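# A look at the structure
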Amino acid sequence: MSTPPAQPRSPGRTVIRGGLVITASDEMHADLLIEQGKIVALAAHGSDVAAGWSAERELDATDKYVLPGGVDAHTHMDFPFGGTFSSDDFETGTRAAAWGGTTTIVDFAVQSRGHALREGLDAWHAKADARCAIDYGFHMILSDVNDGTLKEMDLLVEEGVSSFKLFMAYPGVFYSDDGRILRAMQRSAGNGGLVMMHAENGIAIDVLVEQALEAGRSDPRYHGEVRRTLLEAEATHRAIQLARVAGAPLYVVHVSAEEAVAELAGARDKGLPVFGETCPQYLFLSTDNLAEPDFEGAKYVCSTPLRPKEHQESLWRGLRTNDLQVVSTDHCPFCFNGQKELGRGDFSKIPNGMPGVEHRMDLLHQAVVEGHITRRRWIEIACATPARMFGLYPKKGTLAPGADADVVLYDPKAEQTLSVDTHHMNVDYSAYEGKRITGRVDTVLSRGELVLDGRQYVGRAGHGQYVPRGTCQLLD
Ligand code: DUC
Ligand code: ZN
Ligand code: ZN
């Protein structure tokens, strides 16, 4: 018996037929024509136009959704933290992202104290170059705001690194004081950059950490307790006021506390250009996980921390009302064995971060199934708005003529159970072990090339290209 020839991975033309195309603005039964890595046309399924398309490759999307590839605007591959490195590098992390329907990541290059931004950016290019399965861009973490780095910000914006993360937390490591923050914001007001803020009062948190450890409170759950919601809200408020003084827009990363959402909502009600991101871990997990016995809570140590369950409803509401605009993962995995264990007996030594890049699209589909958000809002917060926020739209984040053919065929009826045994991230536990999800990614294309073909991985390291970004597209 002869086996049929495999579909070419990268043919001239591809047609995707019979699916429900979902973008942030529309849902339609439409066929999609792809040529040379770009979407050329969409036409109603069954129309004469679509019937007339011929292609070397036809993908049958009957009973499936046809979605833009996910844009995860907050990942940390190969990221140095707490004396170790996140366990996914650009090869393993982008492969896992593709399995989960994400076709673009924006990762954080790091400026080390005393070094130029350029050095950090070059180092991150070297980490990612020729390793990625999907396309990627960079933000820049500013650890050292001075005259030199302020000037460098202008150059980076011009060459496509148009967003800068500053930390109000982690004194002595990434921390910037209010004066440095103000100066970076003033610079971004002039050069079109977007300041991304880790909003937690790290100076106060460090006092509470010291007091907790002195009192013998060393388990992972105390990581959540010392990083008080009020200290997230206070920092969020302060960041907003500093941005107002500077006349700059502001994007607050990994918002987890109800009180912080309220600060963002208040600012937006005043018409200020203030944006907020949350992450699946804050929507689906809680301090109950941090309190798991036998040091298991360490698996859930990240900052901002997980919050009591009651905060989740305000995050969902914020996503519905557009007080929060983006869901990213803050993917920053550390293995339980050998990495999280660095903090046994002292929660402050547990590397901060959780795995998640593979599960964002699925968890948000589960949120659709459970009625928290609509299908179009799913695509808006996971694809379109992150692309707009970080100057990638409409190349990324939508399905329209001229856009990159980053396309996901999604089976909304498939049932799956998340587990370390089946995930593709390079980490020895799942934060969602045993969680049942309705819906699963079936097929993924990146710039017209198959990466995942009916749950078979056919991607390759080096397919992913660096994407220089424009400036924020949500400011006028
Ligand atoms: N928070 C994390 O949990 N990990 C990396 C950095 C951060 O801000
Ligand atoms: Zn952060
Ligand atoms: Zn982060």
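These notes cover the structure that comes with them. (Residues numbered from 1 in each chain as written. Chains lettered and ligands numbered in written order. Predicted model: local features only at pLDDT ≥ 70, side-chain atom pairs only at ≥ 80, totals over all residues. Heavy atoms only, no water.)

### Some points on the environment of Leu-20
Mapped onto the elements, Leu-20 comes out in strand 1 (residues 13-22). Residues contacting Leu-20, with those up to four places away along its chain left out, are Glu-27, Met-28, His-29, Lys-64, Tyr-65, Val-66 and Arg-375. (Helix = DSSP H or I, 4+ residues; strand = E, 2+ residues; numbered from the N terminus. Contact = heavy atoms within 4.5 Å.)

### Some points on the coordination of the zinc ion (ligand 3)
Only His-74 (NE2), His-76 (NE2) and Asp-330 (OD) from the protein coordinate the zinc ion (ligand 3), and they sit 2.0 to 2.2 Å from it. One chain supplies every donor to the zinc ion (ligand 3), and in sequence these donors are spaced H-x1-H-x253-D. Separating the zinc ion (ligand 3) from the zinc ion (ligand 2) is a distance of 3.9 Å. (Donors = N, O, S within 2.8 Å, 3.2 Å for Na, K, Ca; no water.)

### Let's talk about the coordination of the zinc ion (ligand 2)
On the protein side, the zinc ion (ligand 2) has Lys-165 (NZ), His-198 (ND1) and His-254 (NE2) as donor atoms, found 2.1 to 2.2 Å from it. Geometry at the zinc ion (ligand 2) is tetrahedral, judged from the four donor atoms that bind it and their angles of 86 to 127 degrees at the metal. (Tetrahedral: all angles 85-135°; square planar, octahedral: opposite > 155°, others 65-115°.)

### A look at the site of ligand 1
Surrounding ligand 1, one finds Phe-79, Lys-165, Phe-167, Tyr-170, His-198, His-254, Cys-302, Ser-303, Asp-330, Cys-332, Asn-352 and Gly-353. Within the side chain of Lys-165, one N or O atom sits 3.4 Å away from an oxygen atom of ligand 1. In the model, a nitrogen atom of ligand 1 is placed 2.8 Å from a nitrogen or oxygen of the Asn-352 main chain. Burial of ligand 1 by the surrounding chains reaches 100%, relative to a free accessible area of 240 Å². More than half of the atoms of ligand 1 fall within 2 Å of the grid points belonging to the largest cavity. Grouping the amino acids of the shell around ligand 1 by side-chain chemistry returns five nonpolar, five polar and two charged. (Near = heavy atom within 4 Å. Polar contact = N/O pair within 3.5 Å; in protein donor to acceptor, adjacent residues only side chain to side chain. Areas by Shrake-Rupley, 256 points an atom, 1.4 Å probe, with all protein chains shown as cover. 1 Å grid on protein atoms, 1.4 Å probe; cavity = no way out; pocket = protein on both sides within 12 Å on 5 of 7 lines; lining within 4 Å. Sits in = over half its atoms within 2 Å of the grid points. Nonpolar A, V, L, I, M, F, W, Y, C, P; charged D, E, K, R; others polar.)

### Concerning helix 3 (residues 117-128)
Across its 12 residues, helix 3 extends 17 Å between first and last C-alpha, which sits within 8% of the 16 Å expected from 1.5 Å per residue. Among the residues of helix 3, Leu-117, Gly-120, Leu-121, Trp-124, Lys-127 and Ala-128 are the ones counted as buried. For helix 3, the buried positions fall inside an angular range of 120 degrees around the axis, keeping them on one side. Elements in contact with the buried residues of helix 3: strand 7 (80-81), strand 8 (84-85), helix 2 (90-99), strand 9 (102-110), strand 10 (135-141) and helix 4 (147-159). Ala-130 lies just past helix 3 and shows a positive phi near 65 degrees. (Expected span 1.5 Å × (residues − 1). Buried < 20%, exposed > 50% of the residue type's maximum accessible area, 1.4 Å probe, protein only. Arc of directions from axis to C-beta.)

### Describing the nonpolar core
In summary, soluble globular proteins display a tendency toward joint burial of nonpolar side chains. In this structure, Met-140, Leu-142, Met-185, Met-197, Leu-250, Tyr-251 and Trp-378 are the most contacted members of the largest nonpolar core, which totals 128 residues. With seven residues, helix 8 (residues 229-246) is the largest single contributor of residues to this core. Core analysis: the next-biggest nonpolar cluster, separate from the first, contains 16 residues, Ala-30, Leu-32, Ile-39 and Leu-450 among them. (Core = buried A, V, L, I, M, F, W, Y, C linked by side-chain atoms within 4.5 Å.)

Coordinates in, geometry out; function isn't part of it.
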